[in-house]
Amino acid sequence: MRELSLHILDIAENSVSAGGSRVEISVIEDMVNDRLSIVIGDNGKGMDTETVKRVLDPFVTSRTTRNVGLGLPLLKAAAVGCNGDLIIESEPGVGTTTKVTFQHSHIDRMPLGDLAETWLTLLLGSPEVNWVFHYQVDDEIFFIDDLEIKRELDGISFTEPGVMRIIRELIRDGVDSVS
Amino acid sequence: MPTIKSLEDLKRLREEAQRVRKLKVNEGKTEIVVSMGTVGIAAGARETLKAILNFIEAHNLQNTIVKQTGNLGIEGQDPLVQITLPGAEKILYGKVHPSFVDQLMQEHVCEGKVIADKVFNP
């Protein structure tokens, strides 16, 4: 996966698989300190310390643990190679938070890619989850908690053409206004 | 921090929701599920989903629900897409790349014709 937005999608899918009912994703580009940080937090079933170690080990993560693939160890290697890191904080029954950081200007840093498309995919594809998105470049912030949208829709599907058009615009414009 | 870009967006959303609600008289729904495990994403499932959503929007397909699911455990067939027409059996398609989406949506979803040679049979 050659863009960070696809990794974000992958990690957020793990959050959904872990039964998270609320998932927060924040992407912060801090040009002053030359950092790019991504945080994905959920209130899913969580993992014990042993499991956290296992999901970060490319040689032990096996195909039988179906909800975790090779995505995380590869992303960690990419982050470490760019003077950053990937850290997972997790507690059984509480949830999991994954933090990834990069040196923003590092020549090997993957591009962020299409963040708006990743968020749309999550919002439309897993409407049972409460999604909170935060995208920030220095002092410019785009923040969206989808509860308000769901209240307005009141059971109408996100994938009705007219509804989808409005939501797509909302997210695209929001992300574009910041970046 | 603003939760939503502007009050105007919420208003538009409310009006659209009301409009859709009026149209609905318990019609059957078509369900489309895209497999989004790590392998699926790496194989391009996000772009496949995007193409599906674009088709729905462009052709104004109502009553179609698009969902995502985790890895289906089927090797080498991603991106996988499952289509269930109202009252019909689930049909699973393998290797649904964006270039195949328009044909799939047009023939299966709109016209109800199964594209036999693309169906994945375990």
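Residues numbered from 1 in each chain as written. Chains lettered and ligands numbered in written order. Predicted model: local features only at pLDDT ≥ 70, side-chain atom pairs only at ≥ 80, totals over all residues.

### A closer look at the packing of helix 6 (residues 161-178) of chain A against helix 3 (residues 45-58) of chain B
Look at helix 6 of chain A against helix 3 of chain B: their axes get within 9 Å of each other, and the N-to-C directions meet at 120°. Relative to helix 3 of chain B, the element helix 6 of chain A lies oblique. Here helix 6 of chain A runs over helix 3 of chain B; the crossing is left-handed. Taking contact as the criterion, the partners of A:Pro161, A:Met164 and A:Arg165 in helix 6 of chain A are, on helix 3 of chain B, B:Leu53, B:Ile56 and B:Glu57. Taken together, the residues that form the contact of helix 6 of chain A with helix 3 of chain B break down as four nonpolar, no polar and two charged. (Axes fitted to C-alpha atoms, helices over the stretch in contact; angles between N-to-C directions. Helix = DSSP H or I, 4+ residues; strand = E, 2+ residues; numbered from the N terminus. Parallel < 35°, antiparallel > 145°, perpendicular 65-115°, else oblique. Left-handed = near helix turned anticlockwise from the far one by under 90°. Contact = placed C-beta atoms within 7 Å. Nonpolar A, V, L, I, M, F, W, Y, C, P; charged D, E, K, R; others polar.)

### Let's talk about helix 6 of chain A
Given 3.6 residues per helical turn, the α-helix brings residues three or four places apart onto the same face. All names here are of chain A. Its 18 residues give helix 6 an end-to-end C-alpha distance of 26 Å, which sits within 8% of 26 Å, the value for a rise of 1.5 Å per residue. Buried within helix 6 are the following residues: Val163, Met164, Ile167, Leu170, Ile171, Gly174 and Val175. Angularly, the buried residues of helix 6 cover 130° about the axis, an arc narrow enough to put them on a single face. (Expected span 1.5 Å × (residues − 1). Buried ≥ 20, exposed ≤ 12 C-beta atoms within 10 Å, placed from the backbone. Arc of directions from axis to C-beta.)

### A look at the environment of A:Gln136
All names here are of chain A. On the secondary structure map, Gln136 appears in strand 5 (residues 130-137). Here the alpha-carbon distance between Gln136 and Met164, two residues 28 residues apart in the chain, equals 24 Å. The residues touching Gln136, leaving out its near neighbours within four places in the chain, are Ile28, Glu29, Ile141 and Val178.

### Regarding the sheet that holds strand 2 (residues 35-42) of chain A
Residue and element names in this part refer to chain A. Strands sit in the order 3-4-2-1-5-6 across an open sheet of six strands; the sheet is mixed. Where the open sheet ends on each side, the last strands, each with one partner, are strand 3 (85-91) and strand 6 (140-145). Between one strand axis and the next, the sheet turns through 5° on average, direction left out of account. Judged from the seven bridges that link them, strand 3 and strand 4 (residues 95-103) form a sheet pairing that is antiparallel. By the bridge assignment, Ile88 is partnered in strand 4 with Thr98. (Pairing = 2+ DSSP bridges.)

### Some words on helix 3 of chain B
All names here are of chain B. Its 14 residues place the ends of helix 3 20 Å apart at the C-alpha level, agreeing with the 20 Å of an ideal helix rising 1.5 Å per residue. Along helix 3, the residues classified as buried are Ala45, Arg46, Thr48, Leu49, Ala51, Ile52, Leu53 and Ile56. Phi for Asn60, located one or two positions after helix 3, is positive at around 50°.

### Considering the pairing of strand 3 of chain A
Side chains of strand 3 of chain A alternate between two faces, with A:Leu86, A:Ile88 and A:Ser90 buried and A:Asp85, A:Ile87, A:Glu89 and A:Glu91 left unburied. Counting the residues in the hairpin turn of strand 3 of chain A and strand 4 of chain A gives three residues, including A:Gly93, whose phi is positive at 85°.

### What about the nonpolar core?
Judged by nonpolar contacts, the single largest core of 70 residues is most densely connected at A:Ile8, A:Ala12, A:Trp119, A:Leu123, A:Ile167 and B:Ile52. In this structure A:Trp119 touches A:Phe133 and A:Ile171, once residues within four positions along its chain are discounted. (Core = buried A, V, L, I, M, F, W, Y, C linked by C-beta atoms within 7 Å.)

### Let's talk about the interface of chain A and chain B
By a widespread convention, an interface's size corresponds to the accessible area lost as its parts come together. Of the residues lining the interface, 39 residues belong to chain A; the matching set on chain B comes to 39 residues. Looking at side-chain class alone, the side of chain A that touches chain B contains 16 nonpolar, 12 polar and 11 charged residues.

### Quick look at the sheet that holds strand 2 (residues 64-69) of chain B
All names here are of chain B. The strand order 2-1-3-4 describes an open sheet built from four strands, whose pairing is mixed. The open sheet has two edge strands, strand 2 and strand 4 (90-93), and neither has a second partner. Across the sheet, the axes of successive neighbouring strands diverge by a mean angle of 20°, strand direction being ignored. Note: strand 1 (residues 30-35) against strand 3 (residues 81-84), four bridges, orientation antiparallel. Along strand 3, the bridge assignment pairs Val33 with Gln82.

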